[in-house]
Amino acid sequence: MNNYLMLLEASASSSASGKGSFQMIILMVILFVGMYFLMIRPQKKQQKKEQEIRENTQVGDEITTIGGIVGKVVTVKEDSLIIETGADKNKMKITRWAIQTNVTANEKIKAEREAAKAAAQKAKEEKAKEKAEKKNKD
């Protein structure tokens, strides 16, 4: 910290017109903006996504906790869940903030993406087929 202050003082005293201090301020602003877009914004997006997963957990979903426990949701309450784990169907009570991933929701999203890709591929094939038919008619 002291080195940084000494650097600021040296740059301010060396520039007679204040050009150096203005450039330093611009550099600091650029640094903060860069840090925001590289570190803070992605972290907030990730936290928002995790919160959405926790809020949308329903009975029957298969979840993984932050401790690595995999189970099926049996009961949903305001701030806690009861899950079944293992072959013996042991029940555990966990808090919502302990949910890391919702396997069922991830599978649904994956299936939707695959269906969308298949539909796009089918539409592309139909267009190509129509083009070929149009060429044959001409």
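What comes next is a walk through the structure.

**Things to note about the overall build of the protein**
Along the protein, the regular secondary structure elements total 3 helices and 5 strands. Helices and strands in the protein line up, N terminus first, as α-α-β-β-β-β-β-α. In the protein, which comprises 138 residues, the share counted as buried stands at 17%. Considering only contacts within the protein whose residues lie at least 6 apart along the sequence, 33% involve residues at least 24 apart. Accessible surface, the protein as shown: approximately 11400 Å² in total, 58% of it carbon and sulfur.

**Topic: unusual backbone geometry**
We note that Lys89 has phi near 60 degrees; this positive angle belongs to a residue other than glycine. Relative to the assigned elements, Lys89 resides in the loop between β3 (80–85) and β4 (90–95). Take Lys89: its relative accessible area is 53%, and that puts it in the exposed class.

**Some remarks on the nonpolar core**
Listed in full, the 7 residues of the largest apolar core are Ile53, Ile63, Val73, Leu81, Ile83, Ile94 and Ile99. Excluding residues within four positions of it along the chain, Val73 makes contact with Thr57, Gln58, Val59, Gly60, Asp61, Ile63, Leu81, Ile82 and Ile83.

**Observations regarding a negative patch on the surface**
A contiguous patch of negative charge on the surface is contributed by Glu125, Glu126, Glu130 and Glu133. Along the chain, Glu133 falls in helix α3 (residues 103–137).

**Points about α3**
Over its 35 residues, α3 extends 51 Å from the first C-alpha to the last, a length consistent with the 51 Å expected when each residue adds 1.5 Å. You can read the cap of α3 off the contacts: a side-chain oxygen lies 3.3 Å from the backbone nitrogen of Thr104, and it is on Asn102.

Parameters and conventions
- Residues numbered from 1 in each chain as written.
- Predicted model: local features only at pLDDT ≥ 70, side-chain atom pairs only at ≥ 80, totals over all residues.
- Heavy atoms only, no water.
- Helix = DSSP H or I, 4+ residues; strand = E, 2+ residues; numbered from the N terminus.
- Buried < 20%, exposed > 50% of the residue type's maximum accessible area, 1.4 Å probe, protein only.
- Contact = heavy atoms within 4.5 Å.
- Areas by Shrake-Rupley, 256 points an atom, 1.4 Å probe, with all protein chains shown as cover.
- Core = buried A, V, L, I, M, F, W, Y, C linked by side-chain atoms within 4.5 Å.
- Patch = residues over 30% accessible without salt bridge, like charges linked within 9 Å, V, L, I, M, F, W, Y side chains within 5 Å.
- Salt bridge = Lys/Arg side-chain N within 4 Å of Asp/Glu carboxyl O.
- Lys, Arg positive; Asp, Glu negative; His and termini not counted.
- Charge placed at Lys NZ, Arg CZ, Asp CG, Glu CD.
- Expected span 1.5 Å × (residues − 1).
- Polar contact = N/O pair within 3.5 Å; in protein donor to acceptor, adjacent residues only side chain to side chain.

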